[in-house]
Amino acid sequence: MWAWLHRLGSPKRFYGWSGALARWAGWGSLLLGVAGLYYALFASPPDYQQGESVRIMYVHVPAAWLSMFIYMNIAFASLISLVWRMKVADMFAAASAPIGAWFTFLALVTGSLWGKPMWGTWWIWDARLTSELILLFLYLGYIGLLSAIEERDTAARAAAVLALVGVVNIPIIHYSVEWWSTLHQGATVTKFEKPSIAWTMLRPLLLMALASTLFYIMVALRLARAELLRREADSTWVRELIDGHQGGGNR
Amino acid sequence: MSLARAWGALLRRDVMLALRQRGQLANPLLFFVMVVALFPLGMNPDPVLLRSIAPGVIWVGALLAAMLALESMFRSDFDDGALEQMLLTPYPLPLLVLAKVTAHWLVTGVPLLLVAPLLALLLNLEGEAVVILLASLALGTPLLSLIGAIGVALTVGLRRGGVLLSLLVLPLYVPVLIFAAGAVGNAQAGMAVTGQLAFLGALLALAVALAPLATAAALRISLD
């Protein structure tokens with residue numbers, strides 16, 4: 001099992017299977033995204049309290065979910081790269097970071113756009129908003145460290161340590177912020193009754209969440225593949241790959 | 001040399017080196033005082049207002065001062081190669097890191113504790129709140145040093161790591177700030193503070209156990 005996993009993670013093998021996976025994820029994301037957007041914009045009712053602005057949720061919730069999911073992925077990949085020195089895990093973590101940061105930013109922006117009609121303000125220091133903002137800072141620190149160190153392998157390992165420190169801190173930050181916000185203000189605005197969600201609304205939400213996840217997988221794999229080629233440019237398998245391509249083009 | 005003696009020797013060496021450069025030690029401290037003194041100037045010097053913002057202002061000032069002082073933790077040892085020698089010793093690196101962090105806290109964290117009552121006076125903080133402020137600083141500043149050490153170890157090899165260091169470390173300082181300033185605020189309002197102080201203590205215990213390990217790993221990577 002371990003030997004098999006190791007072989008899958010070798011740069012050459014990874015390059016082989018990730019291309020197909022990225023392609024499938026891309027098509028799946030497109031199909032599910034179109035279907036999800038159709039249900040979200042046309043085939044779902046407006047909320048009886050929130051009106052049409054509930055439709056922002058179909059982008060906001062997947063973005064927020066991905067912002068956390070991607071950080072967990074980075075931490076997991078970092079653990080693998082630190083323990084087993086698997087280069088591919090490094091590259092996957094590094095490729096995930098900008099996508100995660102963008103999804104966090106998107107979650108904050110859509111949340112703010114939704115908050116204006118709902119709460120009457122662009123921003124309130126609500127626990128979840130604050131945690132999300134700090135998560136964005138964690139992403140930016142990770143990306144900053146990654147780009148500050150010239151030597152790629154050192155940068156990847158340093159960033160991996162930071163990701164693990166961050167993942168230990170995330171629950172602490174989350175609960176401290178939650179506690180802080182309940183101390184400072186009554187949770188009157190933020191916690192309206194959550195009705196059990198109707199299927200017509202759940203359907204676009206799930207579709208959009210799946211589409212976004214597949215989108216992330218596609219982009220992260222493509223970025224990781226590009227980085228892999230850059231770092232392994234001198235190895236024989238990359239040379240063969242390029243020769244094969246050129247040979248095919250000439251024929 | 002036994003581990004305990006090596007630990008003590010490293011601690012003594014670091015404290016002594018720091019004390020020989022008093023100017024550098026004083027700078028973060030002066031910064032702390034000045035930042036806090038700027039708030040009444042920028043706002044309305046109304047005693048009631050000052051009292052209500054005092055916990056946050058003092059703690060944010062302490063956070064920034066601690067961060068300014070962080071850079072010196074491994075810098076000179078990195079520059080003259082002493083850090084590499086430490087990596088080569090037979091003693092476990094996390095414990096050596098702990099000695100360096102302790103020394104750093106003694107020369108940068110403890111002075112913050114000493115000037116804090118003065119700042120409390122400037123901001124009209126009184127009575128029990130001052131005691132709780134000192135308690136929160138006593139528990140919180142070692143935490144700042146321990147967490148900060150990870151960030152310094154990650155950036156020590158960089159020429160311009162200063163701004164990056166703040167980007168890495170400040171988000172991790174958020175829980176400390178929340179619990180510490182919360183404790184002082186509660187003390188002002190006459191409410192219980194044991195909850196926040198207990199949380200700070202728990203975080204400190206967690207950081208003493210884990211942060212030196214992460215710092216040691218980061219140092220090994222930076223010195224690769």
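Conventions used here
- Residues numbered from 1 in each chain as written.
- Chains lettered and ligands numbered in written order.
- Predicted model: local features only at pLDDT ≥ 70, side-chain atom pairs only at ≥ 80, totals over all residues.
- Helix = DSSP H or I, 4+ residues; strand = E, 2+ residues; numbered from the N terminus.
- Rg over C-alpha atoms; globule rule 2.2 N^0.38 Å.
- Buried ≥ 20, exposed ≤ 12 C-beta atoms within 10 Å, placed from the backbone.
- Contact = placed C-beta atoms within 7 Å.
- Core = buried A, V, L, I, M, F, W, Y, C linked by C-beta atoms within 7 Å.
- pLDDT = per-residue confidence, 0-100.
- Nonpolar A, V, L, I, M, F, W, Y, C, P; charged D, E, K, R; others polar.
- Axes fitted to C-alpha atoms, helices over the stretch in contact; angles between N-to-C directions.
- Parallel < 35°, antiparallel > 145°, perpendicular 65-115°, else oblique.
- Left-handed = near helix turned anticlockwise from the far one by under 90°.
- Expected span 1.5 Å × (residues − 1).
- Bend = angle between axes of the 7 residues up to and from the residue.

(A) Expanded view of the overall build of chain B. When you go through chain B residue by residue, the secondary structure sums to nine helices and zero strands. For 224 residues, the compact-globule formula gives about 17 Å, and the C-alpha radius of gyration of chain B, at 18 Å, lands near that figure. Dimensions along the principal axes, computed over C-alpha positions, put chain B at roughly 55 × 30 × 30 Å. For chain B, buried positions account for 49% of its 224 residues. Taking all contacts inside chain B whose residues are at least 6 apart in sequence as the whole, residues at least 24 apart take part in 81%.

(B) Expanded view of the nonpolar core. In terms of nonpolar packing, the biggest core is built from 147 residues, with A:L145, A:V161, A:L162, B:I58, B:I147 and B:A218 touching the most fellow members. For this core, the element with the most residues is helix α8 (residues 162–189) of chain B, which contributes 16 residues.

(C) Layout of the confidence of the model for chain A. In this model, chain A carries a mean pLDDT of 84, and residues with pLDDT of at least 70 account for 91%. The low-confidence segment residues 186–193 of chain A (pLDDT under 50) makes four contacts with residues lying over four places distant or belonging to another chain.

(D) View of the environment of A:L113. Within the secondary structure, A:L113 sits in helix α4 (residues 87–119). Sequence separation between A:L113 and A:I56 is 57 residues; the distance between their C-alpha atoms is 8.1 Å.

(E) Looking closely at the interface of chain B and chain A. Taken residue by residue, the interface counts 20 residues in chain B and 23 residues in chain A. Looking at the side of chain B that touches chain A, the elements that each hand over two or more residues are α7 (128–155), α8 and α9 (194–222) of chain B. Ranked by residue count, the leading element in the side of chain B that touches chain A is α8(B), at 10 residues. Here the residues of the side of chain B that touches chain A sort into 17 nonpolar, two polar and one charged.

(F) Seen up close, the packing of helix α2 (residues 22–42) of chain B against helix α6 (residues 93–122) of chain B. All names here are of chain B. For the pair α2 and α6, interaxial distance at closest approach is 10 Å and the crossing angle is 25°. One way to sum up the angle between α2 and α6 is to call them roughly parallel. α2 and α6 meet at a crossing whose hand is right-handed. Between α2, through L25, P28, L29, F32, V33, V36 and A37, and α6, the contact on the second element is made entirely by V107, T108, P111, L112, V115, L119 and L122. Of the residues contributing to the contact of α2 with α6, the split by class is 13 nonpolar, one polar and no charged.

(G) Up close: the confidence of the model for chain B. Predicted confidence across chain B gives a mean pLDDT of 90, with 100% of residues reaching 70 or more. For this predicted complex, the interface confidence score (ipTM) comes to 0.87, while the overall pTM stands at 0.88.

(H) View of helix α3 (residues 47–70) of chain B. For α3(B), spanning 24 residues, the distance from its first C-alpha to its last is 33 Å, which sits close to the expected 34 Å at 1.5 Å a residue. Of all the bends found along α3(B), the most pronounced is centred on B:A54 and spans about 50°, while B:P55, a proline, follows it within four residues.

(I) Just the packing of α7(B) against α8(B), in detail. All names here are of chain B. Where α7 meets α8, the axes come as close as 9 Å, and the angle between the chain directions of the two elements is 170°. Comparing the axis directions of α7 and α8 gives the class roughly antiparallel. Classifying every residue of the contact of α7 with α8 by side-chain character gives 19 nonpolar, six polar and one charged.

(J) Local environment of unusual backbone geometry. One non-glycine residue, A:R85, lies in positive phi territory at about 50°. A tally of 11 C-beta atoms within 10 Å means that A:R85 is categorised as exposed. Unlike most non-glycine residues, B:N124 shows phi in positive territory, near 65°. Mapped onto the elements of the fold, B:N124 is located in the loop between α6 and α7. Judged by the 17 C-beta atoms lying within 10 Å of it, B:N124 is partly exposed.

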